[in-house]
Amino acid sequence: MSEKEKNDRLARERDEIAAHVARFRATQEKFRRERDEYFTTTLGNARLGA
């Protein structure tokens, strides 16, 4: 394998990992928003005695 091929493969792997990390972060952010929304709704209902 030539040096260029090796560097190209490593660059593709880095891009793939970066994409995985970005998807993971987006998923975690979605979960955080959903938890915050659930908490706010539940706390509101508790305060109203619902």
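Structural data are supplied above this passage.
Residues numbered from 1 in each chain as written. Predicted model: local features only at pLDDT ≥ 70, side-chain atom pairs only at ≥ 80, totals over all residues. Heavy atoms only, no water.

**Some thoughts on the overall build of the protein**
Reasoning step 1: Scanning the protein from terminus to terminus reveals one helix and zero strands.
Reasoning step 2: Over its C-alpha atoms the protein spans a radius of gyration of 21 Å, topping by over 25% the 10 Å that the globule rule assigns to 50 residues.
Reasoning step 3: With the C-alpha coordinates of the protein rotated into their principal frame, the extents come out at 70 × 5 × 5 Å.
Reasoning step 4: Looking at the protein as a whole, 0% of its 50 residues are labelled buried.
Reasoning step 5: Surface accessibility of the protein: about 4,800 Å² in total, with carbon and sulfur atoms responsible for 57%. (Helix = DSSP H or I, 4+ residues; strand = E, 2+ residues; numbered from the N terminus. Rg over C-alpha atoms; globule rule 2.2 N^0.38 Å. Buried < 20%, exposed > 50% of the residue type's maximum accessible area, 1.4 Å probe, protein only. Areas by Shrake-Rupley, 256 points an atom, 1.4 Å probe, with all protein chains shown as cover.)

**Let's talk about helix α1 (residues 3-48)**
Reasoning step 1: Between its first and last C-alpha, α1 extends 67 Å over 46 residues, near the 68 Å set by a 1.5 Å rise per residue.
Reasoning step 2: Gly 49 sits one or two residues past α1 and shows a positive phi near 75°. (Expected span 1.5 Å × (residues − 1).)

**Some details on the environment of Asn 7**
Reasoning step 1: Of note, Asn 7 is situated in helix α1.
Reasoning step 2: Residue classification places Asn 7 among the partly exposed positions, given a relative accessible area of 39%.

**Description of the pattern of salt bridges**
A pair can form between side chains of opposite charge whenever their charged atoms are brought close.
Reasoning step 1: This model, assessed by the stated rule, comprises six salt bridges.
Reasoning step 2: A salt bridge links Arg 33 to Glu 29; the shortest N-O distance between them is 3.8 Å. In this pair, Arg 33 and Glu 29 both sit in helix α1, four residues apart, roughly one turn of the helix.
Reasoning step 3: For Glu 29, a relative accessible area of 32% puts it in the partly exposed group.
Reasoning step 4: The salt bridge involving Lys 30 is made with Glu 34; its shortest N-O contact spans 3.9 Å. Of this pair, Lys 30 and Glu 34 both sit in helix α1, four residues apart, which is roughly one turn of that helix.
Reasoning step 5: Relative accessible area serves as the criterion here: at 41%, Lys 30 is assigned to the partly exposed category. (Salt bridge = Lys/Arg side-chain N within 4 Å of Asp/Glu carboxyl O.)

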